[in-house]
Amino acid sequence: AAAYASSVPGHKFLHAIGLVTAGLTAFYMFRLYFITFWGECRAPREVREHLHDAAPVVINPLWVLAFFSVFAGLGGLPQVWGDLIGVPESNSLGNFLAPVLATGKAHALDHATEYGLAAAAVGAAGVGAVLAWLLYVVRPEWPERMATAFAGLHRLLVNKYWIDELYDALIVRPLVWASDRVLYRGIDAGLIDGAAVNGSASLVRGLAAHGLKYAQSGLTQGYIFFMIAGAVAIVTFLLR
């Protein structure tokens, strides 16, 4: 209703998108229902042999979800329906949340327009449901024929417009390449491991091998002499 009554350019197009979406949602949900619960079982025999009723710990939460799926909408019943059945402030959930939610300027719509919009939404959903019943119950061979007749469009939709492949080519692969060639080989293995870790270790090893080793003669007398000389030097420095 807000999209329909808005003054934003293209608002009727936005409203039409909502109607089409309602039809598509009803279509694929009823398609799911018909394929799952109507017709012959599609499960292999070995799977059917192990089918059994779920335990109450699984079923009971589903009853709760089913109850709220049917009746929870009454907590946000639009006022236009409340006026029809004589319930003041019928949108109890919206009124409860109003103090903490940002709201825009209300659009003034007469009841006839609101009823018409509701009927259009229910009608769009009904069309989707009937179309699913027609394609997957009455004429289940039609979807395969349509896929064959519109092979290019079918392939485009099945591959989801190749969005995943495009995302992989433009984002994932470049990031993997940069992570491997730049971050790992260049910075981690080359700079950190090569220069910092291995380089400093090579420097210390070279210094010890070509310099410090000559200070180690292995003669105890020499070590004692340098210890005494060092001690004398320290005492002399402290007594100055």
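Draft legend 1. A look at the overall build of the protein chain. Scanning the protein chain for helices and strands turns up 11 helices and 0 strands. Each helix (α) and strand (β) of the protein chain, taken in turn from the N terminus, gives the series α-α-α-α-α-α-α-α-α-α-α. Whereas a compact globule of 240 residues would reach a radius of gyration of roughly 18 Å, the protein chain reaches 38 Å, over 25% beyond that. Buried residues in the protein chain amount to 8% of all 240 residues. When contacts within the protein chain are restricted to residue pairs at least 6 apart in sequence, those whose partners lie at least 24 apart make up 51%. Split by element, the accessible area of the protein chain, about 19200 Å² in all, is 70% carbon and sulfur.

Draft legend 2. Here's a closer look at the environment of Trp142. Within the secondary structure, Trp142 is located in helix α8 (residues 142-149). When sequence neighbours within four positions are dropped, the list of residues in contact with Trp142 reads Leu134 and Leu135.

Draft legend 3. Focus on the packing of helix α7 (residues 111-138) against α8. Following both chains from N to C, one finds α7 and α8 inclined at 100 degrees, their axes separated by 8 Å at the closest point. One way to sum up the angle between α7 and α8 is to call them roughly perpendicular. Facing α7, whose interface residues are Leu134, Leu135 and Tyr136, α8 presents Trp142, Pro143 and Met146.

Draft legend 4. Representation of the packing of helix α2 (residues 11-37) against α7. Relative to each other, α2 and α7 sit at 35 degrees, their axes nearing to 7 Å. Helix-helix and strand crossings are classified by hand; for α2 and α7 the assignment is right-handed. In terms of residue class, the contact of α2 with α7 is built from 19 nonpolar, 3 polar and 1 charged.

Draft legend 5. Representation of a nonpolar patch on the surface in the model. There is a patch of nonpolar side chains on the surface, built from Phe30, Tyr33, Phe37, Trp38, Val130, Trp133 and Val138 and spanning about 690 Å² of accessible area. Listing elements by their share of the nonpolar patch, those giving two or more residues are α2 and α7. With respect to the element layout, Trp38 can be found in the loop between α2 and α3 (45-48).

Draft legend 6. Examining α2 more closely. Here α2 is 27 residues long and its end C-alpha atoms lie 39 Å apart, about the 39 Å a rise of 1.5 Å per residue gives. All of the buried residues in α2 are His11, His15, Gly23, Ala26, Phe27 and Phe34. In this structure, the buried side of α2 is in contact with α1 (2-5) and α7. Just past α2, the residue Gly39 takes up positive phi, approximately 80 degrees.

Draft legend 7. Broad picture of the packing of aromatic side chains. Following the criterion strictly, the structure yields 10 aromatic pairs and no others. Ring centres of Phe67 and Phe71 lie 5.1 Å apart, and the angle between their planes is 45 degrees; this geometry places the pair in the tilted category. Residue Phe67 and its partner Phe71 are both found in helix α4 (residues 56-71); the two are separated by 4 residues, about one turn of the helix. Judged by relative accessible area, Phe67 falls into the partly exposed class, the value being 45%. Each residue in the set Phe30, Tyr33, Phe34, Phe37 and Trp38 is aromatic and connected to the rest through ring pairs, giving one cluster. In this arrangement the basic side chain of Lys12 is found over the ring face of Tyr4, its NZ or CZ atom lying 5.0 Å from the centre.

Calculation rules
Residues numbered from 1 in each chain as written. Predicted model: local features only at pLDDT ≥ 70, side-chain atom pairs only at ≥ 80, totals over all residues. Heavy atoms only, no water. Helix = DSSP H or I, 4+ residues; strand = E, 2+ residues; numbered from the N terminus. Rg over C-alpha atoms; globule rule 2.2 N^0.38 Å. Buried < 20%, exposed > 50% of the residue type's maximum accessible area, 1.4 Å probe, protein only. Contact = heavy atoms within 4.5 Å. Areas by Shrake-Rupley, 256 points an atom, 1.4 Å probe, with all protein chains shown as cover. Axes fitted to C-alpha atoms, helices over the stretch in contact; angles between N-to-C directions. Parallel < 35°, antiparallel > 145°, perpendicular 65-115°, else oblique. Left-handed = near helix turned anticlockwise from the far one by under 90°. Nonpolar A, V, L, I, M, F, W, Y, C, P; charged D, E, K, R; others polar. Patch = residues over 30% accessible without salt bridge, like charges linked within 9 Å, V, L, I, M, F, W, Y side chains within 5 Å. Salt bridge = Lys/Arg side-chain N within 4 Å of Asp/Glu carboxyl O. Expected span 1.5 Å × (residues − 1). Phe/Tyr/Trp six-rings, centres within 6.5 Å; stacked < 30°, edge-to-face > 60°. Lys NZ or Arg CZ within 6 Å of the ring centre and 35° of its normal.

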